[in-house]
Amino acid sequence: MARNVIPAGETRLALVRRARRMDRILAETYPDAHCELDFRDPLELLVATILSAQCTDKRVNLVTPTLFEKYRTAEDYAAADRAELEEMIRSTGFFRAKAASIIGMAQAVCERHGGEVPRRLADLVKLPGVGRKTANVVLGNAYGVPGITVDTHFQRLVGRFGWTTETDPVKIEKVVAELIPRRDWTMMSHRLIWHGRRMCHARKPACGACPLSALCPSYGIGPVDPVQAGKLVRPGPFS
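Residues numbered from 1 in each chain as written. Predicted model: local features only at pLDDT ≥ 70, side-chain atom pairs only at ≥ 80, totals over all residues. Heavy atoms only, no water.

A. Expanded view of the nonpolar core. Val47, Leu67, Tyr77, Leu85, Ile89 and Met105 are the most contacted members of the largest nonpolar core, which has 37 residues in total. Put simply, the parts of the chain that give this core at least two residues each are α2 (42–51), α3 (57–70), α4 (74–78), α5 (82–89), α6 (95–113) and α8 (132–142). Here the element with the most residues in this core is α6; it accounts for eight residues. In this structure, Met22, Ala33, Leu212 and Cys216 belong to the second largest nonpolar core, which totals 31 residues. (Core = buried A, V, L, I, M, F, W, Y, C linked by side-chain atoms within 4.5 Å. Buried < 20%, exposed > 50% of the residue type's maximum accessible area, 1.4 Å probe, protein only. Helix = DSSP H or I, 4+ residues; strand = E, 2+ residues; numbered from the N terminus.)

What follows is the structure in structure tokens.
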């Protein structure tokens, strides 16, 4: 079946209205959307997010209970035995680089911020192993500061939705920030990530079951038959 066609001449106002309507529909579809990494404080979320690179949240959540029991403060991580830490996080992949990032991050937090995870994006992104995506995860979910998390799901969906043709995460963040009200950035990020994990899959999206079908220019790249599409929907949770 042919894809929906959003007019090439879609005005800026029309795009904003369409994007916000899609976000409202996703809010109704995923009222319980939230960060699927388990954490109790900003430091735990920062460590878990570093571990989540190229790894599933489910795997990270299997590793972190033991990790968080042993290392409770930034000082603990800063003084960690690297070989021991590497072994504890080995199953998350890239464990040597991740251990180096966690120890370096913790040392910087101790040296520059008195052992407390900073609350500003500008400070967070200066920590070893912390980019804008990780920083926005921490700001939005640990500190309540609105942030946009451009992960692979988010990037795929905003492209399919026709919100932007940008492929650079920083540029995507800037474009989407101009479409969606700031107060909604964190929850909008969760909703897009949930939709990407559950329905709008990379290889075969469940188009025929998608509540956004009437607004999505990519409708039809996956099965449009409701029964076939329904079989592709993954209910989660993924944590």
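B. Quick peek at unusual backbone geometry. Positive phi, normally seen in glycine, also occurs at Gln54, with a value near 55°. On the secondary structure map, Gln54 appears in the loop between α2 and α3. When its relative accessible area of 70% is taken as the criterion, Gln54 is described as exposed. Non-glycine residue Phe94 carries a positive phi angle of around 50°. With respect to the helices, strands and loops of the structure, Phe94 is situated in the loop between α5 and α6. The class of Phe94 is exposed, set by a relative accessible area of 57%.

C. Local environment of the side chain of Thr186. By the secondary structure assignment, Thr186 is in helix α11 (residues 185–198). Judged by its relative accessible area of 14%, Thr186 falls in the buried class. Apart from the residues within four sequence positions on either side, Thr186 is in contact with Gly140, Asn141, Val145, Pro146 and Gly147. (Contact = heavy atoms within 4.5 Å.)

D. Structural detail: the packing of helix α9 (residues 152–160) against α11. One way to put it is that α9 packs onto α11 with a least axis distance of 8 Å and a crossing angle of 85°. One finds that α9 runs roughly perpendicular with respect to α11. Each of His153, Phe154, Arg156, Leu157 and Val158 in α9 lies in contact with α11, whose residues at this interface are Met188, Ser189, Leu192, Ile193, His195, Gly196 and Arg197. Partitioning the contact of α9 with α11 into residue classes produces six nonpolar, four polar and two charged. (Axes fitted to C-alpha atoms, helices over the stretch in contact; angles between N-to-C directions. Parallel < 35°, antiparallel > 145°, perpendicular 65-115°, else oblique. Nonpolar A, V, L, I, M, F, W, Y, C, P; charged D, E, K, R; others polar.)

E. Just helix α1 (residues 12–29), in detail. For α1, built from 18 residues, the straight-helix expectation of 26 Å at 1.5 Å per residue is met to within 8% by its first-to-last C-alpha distance of 26 Å. Those residues of α1 that sit buried are Leu15, Val16, Arg18, Ala19, Met22, Asp23, Ile25 and Leu26. Next to the buried residues of α1 lie α11. (Expected span 1.5 Å × (residues − 1).)

Function-wise, these values are silent; they only describe arrangement.
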